[in-house]
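Report on the structure
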Amino acid sequence: MSKVHIRHLTKQDAQVISEAFQEQGWHKPLELYERYWEEQQNGKRVTLIAESNGEFAGYVNVIWTSGYPSFQEQGIPEINDFNVLMKFQRQGIGSKLMDHAENVVRERSGVAGIGVGVYADYGKAQVLYAHRGYIPDGRGLHRDDHYLQPGEETIIDDDVVLYLTKKLL
């Protein structure tokens, strides 16, 4: 049985995280995690790190001011960029990260927001969020700076997002 520990991102984590995702074939540049650390230092976000038996396993962010217009208008913090390394998936690590992220959100808000991609690669996340009680915010699909409209053509990629919310008890 693995021992999972959740903690805040440190500056030293950036290299470890970038290399861990590189090893599984995902491009996650070092600069991304350096920016996360700087924004955490400035109070713009909280980045939570999961370790399994001392080894980096995944992370999630809480962004206090979302870039998504509806969350911004309503003051809903966004749980964002949630990733667990493939070799650590299906072990409850993602659920523990989400539990901690929701507790962080609860410090400032009674509602958490999250966005999820709409194609099959996001299937595990879609199911997890539904099981956790997240429901669509009712505004439809969002891409870049606008809501997709009936008849509008678009390419389905990581930029097409369905946003969900959950009332935290």
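Residues numbered from 1 in each chain as written. Predicted model: local features only at pLDDT ≥ 70, side-chain atom pairs only at ≥ 80, totals over all residues. Heavy atoms only, no water.

**Observations regarding the sheet that holds strand β8 (residues 160–167)**
Taken in spatial order, the eight strands of this open sheet run β1-β2-β3-β4-β5-β8-β6-β7, and their pairing is mixed. Since the sheet does not close on itself, it has two edges, and those belong to β1 (4–8) and β7 (146–147), each with one partner. Summarising the sheet, β1 and strand β2 (residues 45–52) pair through five bridges and their orientation is antiparallel. Bridge pairing in β2 links Val-4 to Ser-52. Of the strands in this sheet, β1, β2, β3 (55–63) and β4 (78–84) touch helix α2 (residues 30–41), which is tilted by about 120 degrees from β2. Here helix α4 (residues 93–106) sits on the sheet in contact with β1, β2, β3, β4, β5 (111–117) and β8, set at roughly 160 degrees to β4. (Pairing = 2+ DSSP bridges. Helix = DSSP H or I, 4+ residues; strand = E, 2+ residues; numbered from the N terminus. Contact = heavy atoms within 4.5 Å. Axes fitted to C-alpha atoms, helices over the stretch in contact; angles between N-to-C directions.)

**Remarks on the packing of helix α1 (residues 13–23) against α2**
The geometry of α1 relative to α2 is characterised by a closest axis approach of 8 Å and an angle of 140 degrees between their N-to-C directions. You can see that α1 and α2 cross each other, and the crossing is right-handed. Facing Ala-14, Gln-15, Ile-17, Ser-18 and Phe-21 of α1, the residues of α2 in contact are Leu-30, Tyr-33 and Glu-34. Residues belonging to the contact of α1 with α2 are distributed by class as follows: five nonpolar, two polar and one charged. (Left-handed = near helix turned anticlockwise from the far one by under 90°. Nonpolar A, V, L, I, M, F, W, Y, C, P; charged D, E, K, R; others polar.)

**Observations concerning the pattern of salt bridges**
For the structure shown, the criterion picks out 11 salt bridges. The salt bridge involving Asp-99 is made with Arg-132; its shortest N-O contact spans 2.6 Å. Taken together, the residues Asp-99 in helix α4 and Arg-132 in the loop between α5 (123–131) and β6 (135–143) connect sequence positions 33 residues apart. In this structure, Lys-166 engages Glu-102 in a salt bridge whose closest nitrogen and oxygen atoms are separated by 3.2 Å. In this pair, Lys-166 is assigned in strand β8 and Glu-102 in helix α4, connecting sequence segments 64 residues apart. The class of Glu-102 is buried, set by a relative accessible area of 4%. Each of the salt bridges in this network shares a partner with another, and the network as a whole consists of Asp-99, Glu-102, Arg-132 and Lys-166. (Salt bridge = Lys/Arg side-chain N within 4 Å of Asp/Glu carboxyl O. Buried < 20%, exposed > 50% of the residue type's maximum accessible area, 1.4 Å probe, protein only.)

**Considering the nonpolar core**
Counting residues in hydrophobic clusters, the biggest one holds 39 residues, and the most contacted among them are Ile-79, Leu-97 and Tyr-129. With six residues, the single largest contributor to this core is α4. Sequence-distant contacts of Tyr-129, defined by excluding residues within four places in its chain, comprise Phe-82, Met-98, Ile-114, Gly-115, Val-116, Tyr-134 and Leu-164. Counting five residues, the second-largest nonpolar core is a separate cluster that includes Tyr-68, Phe-71, Val-161 and Tyr-163. (Core = buried A, V, L, I, M, F, W, Y, C linked by side-chain atoms within 4.5 Å.)

**Quick notes on the side chain of Ser-18**
As for its position among the elements, Ser-18 is in helix α1. Taking relative accessible area as the criterion, Ser-18 reaches 11% and is therefore assigned buried. There is a polar contact of 3.4 Å between the side chain of Ser-18 and the backbone nitrogen of Leu-30. When residues no more than four places from it in sequence are discounted, the contact partners of Ser-18 are Lys-28, Pro-29, Leu-30 and Tyr-33. (Polar contact = N/O pair within 3.5 Å; in protein donor to acceptor, adjacent residues only side chain to side chain.)

**What about the layout of surface pockets?**
Empty space within the largest pocket amounts to approximately 1400 Å³. What lines the largest pocket is a set of 44 residues, and nearest its centre among them are Phe-82, Asn-83, Tyr-122, Ala-125 and Tyr-129. Sort the elements by how many residues they give to the lining of the largest pocket and β4 lands first, with seven residues. Among the residues making up the lining of the largest pocket, the classes are represented as 20 nonpolar, 15 polar and nine charged. The volume enclosed by the second largest pocket comes to roughly 150 Å³. (1 Å grid on protein atoms, 1.4 Å probe; cavity = no way out; pocket = protein on both sides within 12 Å on 5 of 7 lines; lining within 4 Å. Points joined across faces, edges and corners; volume = space filled by probe spheres on them.)

Geometric descriptors of this kind do not, in isolation, establish any biological role.
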